[in-house]
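# Architecture and fold: a report
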Amino acid sequence: MIEVSRRLRFGTRGSPLALWQTEHVCERLRETFPALSIETVVIKTSGDKILDVPLARIGDRGLFVKEIEQALLANEIDVAVHSLKDLPTHTPPGLMIGAVMEREDPRDCLISERYACLAKMPPGAVVGTSSLRRRAQLQRAYPALRFEDVRGNLQTRLAKLDNGHYDALILAVAGLKRLGFEGRIREIISPSICLPAVGQGVLAVECRAEDIAVLDYLAPLENAATRACVTAERSFLSSLEGGCQVPIGAHARLEGDVIHLEGLVAALAGNPCLRDRARAPAASAVVLGETLAHTMKVHGAEKILQDARDEFGG
């Protein structure tokens, strides 16, 4: 039952993008529940503190969410807004994803002041990305380019580009659109070249599983089609035991009542690379992800992933 007036404490990281995402959710709730009182609590996560080490070297799958989830479990906050791609596939006992919001553009893109597209960049040009998934796929497609790690929030990365540390950056379209930097996009990269991360472009709202009042508030935010798609993607990732240390991509789309899921597993250097697809009714989203993962394991995905883990000591 919806309470007439209630205060909700929202936990969030302190980056501009995280704050925008949280405020976006809060505004949606205020539109539906004008009497709702909302407090924002900024929480610094391990991923915000460790900025001088590549993400894959850190090896913590909850890098950007662990401290926030601990605050939820300790009843220090009531709700947390995450980029779904940051959330591990196994939710801690006592917590749940209370709402999955409609997906923004899930694709990756090129940001560069000098080059209009990846295909026109000269050999040796330096491209910044913190993602092994992006690096593996783009190294495969553009072997003459140099890919180097870049850390920091969106504005920090753009500043590094503007200061000449890189010739280009690869970033998610969704984050740029949300913060008003869409005009800096030079090329949106086709998923046929670079398959997105699991959950990319999706906001997930996490809460305590037994907090029925909060779940009632979150219900209007839920997008069933997006939930079905990301359930298949996350099932695929979970079945491969994937994290930030391995290059895995997946993207699902819903056509009618059928989910079409495409998945990718690649070596760190881009070769070998396995890519496959499957489809199933939306009601079978979990099984669909498991089935596609099993198919790719049969074709050698486990060895590719283990080699990647070994390289990073995972």
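It should be noted that the structure appears before, not after, this text.
The following paragraphs examine the structure supplied in this document. Keep in mind the model is a prediction, meaning the values are calculated, not measured.

### Details of the sheet that holds strand 5 (residues 108-111)
- In space, the five strands of this open sheet follow the order 7-6-8-5-9, with mixed pairing throughout. The open sheet has two free edges, formed respectively by strand 7 (146-148) and strand 9 (185-188), since each of these has just one partner strand. Within this sheet the neighbouring strands show an average axis-to-axis angle of 30°, counted without direction.
- Across two bridges, strand 6 (residues 126-128) lies against strand 8 (residues 168-172) in parallel orientation. Across the sheet, Gly128 pairs through a bridge with Leu169, a residue of strand 8.

### Brief notes about the packing of aromatic side chains
- Applying the stated rule across the entire model yields one aromatic pair.
- Ring centres of Phe33 and Tyr217 lie 4.8 Å apart, and the angle between their planes is 90°; this geometry places the pair in the edge-to-face category. Here Phe33, found in the loop between helix 1 (16-32) and strand 2 (37-42), pairs with Tyr217, found in helix 8 (residues 212-218); they are 184 residues apart in sequence, far enough to count as distant.
- Judged by relative accessible area, Tyr217 falls into the buried class, the value being 1%.

### Details of the side chain of Glu262
- Relative to the assigned elements, Glu262 resides in strand 12 (residues 258-266).
- On the basis of relative accessible area, Glu262 is assigned to the buried category, the value being 17%.
- A polar atom in the side chain of Glu262 sits 2.7 Å from the side chain of Arg275.
- A polar contact of 3.2 Å, which involves the side chain of Glu262, links it to the side chain of Arg277.
- Apart from residues lying up to four places away in sequence, Glu262 is in contact with Leu195, Gly249, Ala250, His251, Arg275, Asp276, Arg277 and Leu292.

Parameters at a glance
- Residues numbered from 1 in each chain as written.
- Predicted model: local features only at pLDDT ≥ 70, side-chain atom pairs only at ≥ 80, totals over all residues.
- Heavy atoms only, no water.
- Pairing = 2+ DSSP bridges.
- Helix = DSSP H or I, 4+ residues; strand = E, 2+ residues; numbered from the N terminus.
- Axes fitted to C-alpha atoms, helices over the stretch in contact; angles between N-to-C directions.
- Phe/Tyr/Trp six-rings, centres within 6.5 Å; stacked < 30°, edge-to-face > 60°.
- Buried < 20%, exposed > 50% of the residue type's maximum accessible area, 1.4 Å probe, protein only.
- Polar contact = N/O pair within 3.5 Å; in protein donor to acceptor, adjacent residues only side chain to side chain.
- Contact = heavy atoms within 4.5 Å.

Coordinates in, geometry out; function isn't part of it.
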